[in-house]
Every structure is written in structure tokens, then in C-alpha cells.
Amino acid sequence: MTEVTLQHIRAARDRIAGKVEETATALSLSLSEHLGAPVYLKLEHRQTTGSFKLRGASNAIASLNPEERSRGVVAASTGNHGRALAHAAKLEGLRAVICMSRLVPENKLDAIRRLGAEIRIVGNSQDDAQQEVDRLVGEEGLVMLPPFDHPDIVAGQGTLGLEIIEQVPGAATVLVPLSGGGLASGVAAAVKGVSPRTKVIGVSMARGAAMKASLDAGRPVQVEELPTLADSLGGGIGLENRLTFAMCRDLLDNVILLSEDEIAAGIRHAYEQEREIVEGAGAVGIAALLTDKVRAKGPVVLILSGRNIDMTLHRRIVCGEAPSTVERAA
Ligand SMILES: *Cc1c(COP(=O)(O)O)cnc(C)c1O
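This next bit is on the overall build of the protein chain. Along the backbone of the protein chain there are 15 helices and 10 strands. The contacts of the protein chain with a sequence gap of at least 6 include a subset with a gap of at least 24, amounting to 74%. Here the protein chain has roughly 13,800 Å² of accessible surface; of this, 48% comes from carbon and sulfur atoms. The centroid of the 36 positive side-chain charges in the protein chain is displaced by 3 Å from the centroid of its 40 negative side-chain charges.

Spelled out as C-alpha cells, the structure:
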């Protein structure tokens, strides 16, 4: 296994300097009062393209050799990774192809097209889109950059952890949104590399938490994918996972799971108390603290990881519509 270390993450930071924002960290008075200890928000939802995924994508692209650059990059993500890759490739003048199924909504497709990527629409599932990726890699020589299970992606996401531990050097606990584990692996490696006693806790939705199920089983397992307000946390970790399963197993101190109602409460709190618009995946840290499921020692740092939520859905959540109603209507 190519374990990603503090050294790789520091190199990634040099590589992507000037290409991504160094986001601010803000003290949350309401959450500090709730916990009885300082709680800081890492405002990464304000990152260019609306999520931290730009860090990994920028580092992976900057790590390509000239011959790979000339071939271009490809991925099957319709969400934040697709956006980030499209943006990072455009900045560097590289060809980027994003493959997606016919079921992807028009607004997501448009967002990626506006960033200048080529779009291939194939089949009716993510698997069909992935097959098109494999074909493009084989026939056109494009370089596949996956959303999490890749050392350069993990090292790029880790730069967020470096900023956290520099901005809040005394952090006792860091809460990280967890899906495929690229973010959690990178952040934990960076934070613990600098501050070994800081606890790093992953937070996922209860509906389809593939990394949690895999950690419990002791090996990567598949779980049924279900609709969730934290849609950026959906999807599996890959049965052939090479890197992030082992890193999460070795570096995370705990993983917490949240219900849809709890995630909705996190989105609402972010909006009403912190005046921040975050997507479901970006709200799970706040949500976890509000549930009292984490007996976290302070100071605590929460990562607001993204803001790419459909604004009609956001409006309905902050108006207090139950998530189950939202889902049926969506
Ligand atoms: C991708 C994503 C995550 C989860 O990151 P992983 O590396 O897959 O664990 C969390 N929040 C947002 C907003 C994301 O886009």
C-alpha cells in the first residue's frame, strides 16, 4: 500500500499553492455554547467549485508528467469531484472528459459543461458511465483520476488538514465528513502527523454508509445505495480499495452515523445560526455535535466540506419540511 504521509501532503501543498483557496476557520459561538468548549468551523464550502474536492483534483493534475498531461483526464463523477476536475483541468489547459449516465439531472450536467469539460452521456447507471471511462482510458489513452482512492487525491485533500492544525493548533477533536475516505484519510494523516494526540472522527449518513460497514467487517464491503440528503456521501468504497480503507482503519478514532432528520437539522443550524449555506454532506459535522452522539473533547474543528445543494431543496429544508417529505417530492 502506498500510505500517504505528512511529507506527501506538504509536497501537495506546495504543488497546489495559488490554485486553490486557503479557506478561513471561524469560531462558532452557538456550537461552542452547546458543547461547552470552543468549536471552530473550517469554511471549506467557500472553496472554488464549492467543495474541498478541488484540492485533490488540482494535486493529481499537477502531479501528471508531460506525456500524461497531453493525453488528458477522465472520471465518472457527476458531483463535486467532476466539477473540481473540470475546473482544475481547464486552469492547466488539459482535456477533461466527464462520463455520466442518462439519469443525471440537467442542472448537474450544465454545471460541469460550463466549467469547460467534455461530457459523455452513456447508459442508465454509474456502472455504465464507468465502463465508458475504462473504454476511453483503453482506446484514447486518457488518464483516469478517481474521486478518492488515489495517493495524489488523498494528499491533496490532506492539505485541508494542514490548514486546520495550523489555524487551530490546540484542536483536540476534528470531525470529518466520510464517504470514500479520501478526505478523512488525508486530513487524519496531516492532523495526526503534526499533532498525534488530536482525535479524528468520521461522520456519515446512516443510509448507505459503506466505509463504516467496511470497517466493521474488517474488509471493503458493498452496501445498498439509498437516497440521502448527504448525496455527496453516497456510493461505495470499491471492493478493490487500495488505500483509503486501510488509512481510515488505522487513523480514524471513531465513526458516527446520522439520520436524515439529524442531517436536516445540521443544514438548518448552518443557515440560521452560522448564516452559511451548506449541502447535506457539508452539514454532518454540525449535525453530529447537535445530536450529542459525539462526546468530543474541545477545542473541536468541524469541516463544512461543500455547498453544492439544490437551492429549492435547501429552501424546503430551512422551512422545516421533513426530509422524508423532501425525498418523496424530489
Ligand atoms: C466527496 C465529498 C465528501 C466525502 O469525501 P470522501 O473523500 O469521499 O470521503 C464530503 N463532503 C463533500 C461536500 C464531498 O463532495
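Here the focus is helix H12 (residues 260–272). For H12, with 13 residues, the first-to-last C-alpha span of 18 Å sits near the 18 Å given by 1.5 Å per residue. For H12, every residue scored as buried is listed here: Glu260, Glu262, Ile263, Ala264, Gly266, Ile267, His269 and Ala270.

Counting buried positions along helix H11 (residues 244–251) gives six out of eight residues, so the element sits mostly inside the fold. Within H11 the residues assigned to the buried category are Thr244, Phe245, Ala246, Met247, Cys248 and Leu251.

The subject of this paragraph is the packing of helix H5 (residues 80–92) against helix H6 (residues 106–114). The interhelical angle for the contact between H5 and H6, taken along N-to-C directions, is 15°, at an axis separation of 8 Å. When the axes of H5 and H6 are compared, the pair comes out roughly parallel. Here H5 runs over H6; the crossing is right-handed. For the pair H5 and H6, contact is made by Gly82, Arg83, Ala86 and Lys90 and by Ala111, Ile112 and Arg114, respectively.

Take the site of the ligand next. What surrounds the ligand is a group of 16 residues, the closest being Lys53, Asn80, Ser179, Gly181 and Ser305. In this structure, Asn80 approaches the ligand through a side-chain N or O atom, which is 2.8 Å from an oxygen atom. Between an oxygen atom of the ligand and a main-chain N or O atom of Gly182, the distance comes to 2.8 Å. Relative to its free-state accessible area of 390 Å², the ligand is covered by the protein chains to the extent of 97%. Looking at the shell around the ligand residue by residue, the class counts come to six nonpolar, eight polar and two charged.

By the definition in use, this model includes 20 salt bridges. Arg95 is the partner of Glu118 in a salt bridge, and the nearest nitrogen-oxygen pair spans 2.8 Å. Separated by 23 residues along the polypeptide, Glu118 in strand S5 (residues 118–121) and Arg95 in the loop between H5 and strand S4 (96–100) bring together distant segments of the chain. Salt-bridge contacts for Arg135 lead to Glu139; the nearest nitrogen and oxygen are separated by 2.6 Å. In this pair, Arg135 and Glu139 are both assigned in helix H7 (residues 126–140), four residues apart and thus about one turn of the helix distant. Here Arg135 falls in the partly exposed class, since its relative accessible area comes to 31%.

One frequent convention defines the size of an interface as the accessible area lost when the parts assemble. Assigned domains of the protein chain: these are domain 1 (6–52 + 150–326) and domain 2 (54–144). Distance from the C-alpha centre of domain 1 to the C-alpha centre of domain 2: 24 Å. Taken together, the contacts link 26 residues of domain 1 with 18 residues of domain 2. The contact between domain 1 and domain 2 buries some 1,700 Å² in all, and 51% of this surface belongs to carbon and sulfur atoms. Counting every contact that joins domain 1 to domain 2 gives three salt bridges. For Arg55, the salt bridge is made with Glu44, and the minimal N-O distance between the two is 2.7 Å. On the surface where domain 1 and domain 2 come into contact, there are 15 residue pairs in polar contact (both at pLDDT 80 or more). Going through the elements one at a time, helix H1 (6–16) and helix H8 (151–167) are the ones with two or more residues in the side of domain 1 that touches domain 2. Considering each element in turn, the side of domain 1 that touches domain 2 owes the most residues, eight residues, to H8. Residues belonging to the side of domain 1 that touches domain 2 are distributed by class as follows: seven nonpolar, 10 polar and nine charged.

So, about the pairing of S5. Bridge count for S4 against S5 is four bridges, and the pairing is parallel. For Ile98, the partnering residue across the bridge sits in S5 and is Ile119. Running through H6, the crossover from S4 to the neighbouring parallel element S5 is right-handed.

Cut-offs applied
Residues numbered from 1 in each chain as written. Predicted model: local features only at pLDDT ≥ 70, side-chain atom pairs only at ≥ 80, totals over all residues. Heavy atoms only, no water. Helix = DSSP H or I, 4+ residues; strand = E, 2+ residues; numbered from the N terminus. Contact = heavy atoms within 4.5 Å. Areas by Shrake-Rupley, 256 points an atom, 1.4 Å probe, with all protein chains shown as cover. Lys, Arg positive; Asp, Glu negative; His and termini not counted. Charge placed at Lys NZ, Arg CZ, Asp CG, Glu CD. Expected span 1.5 Å × (residues − 1). Buried < 20%, exposed > 50% of the residue type's maximum accessible area, 1.4 Å probe, protein only. Axes fitted to C-alpha atoms, helices over the stretch in contact; angles between N-to-C directions. Parallel < 35°, antiparallel > 145°, perpendicular 65-115°, else oblique. Left-handed = near helix turned anticlockwise from the far one by under 90°. Near = heavy atom within 4 Å. Polar contact = N/O pair within 3.5 Å; in protein donor to acceptor, adjacent residues only side chain to side chain. Nonpolar A, V, L, I, M, F, W, Y, C, P; charged D, E, K, R; others polar. Salt bridge = Lys/Arg side-chain N within 4 Å of Asp/Glu carboxyl O. Domains from an automatic or database assignment. Buried area = accessible area lost by both parts, 1.4 Å probe. Pairing = 2+ DSSP bridges. Right-handed = clockwise from strand over helix to strand, strands pointing away.

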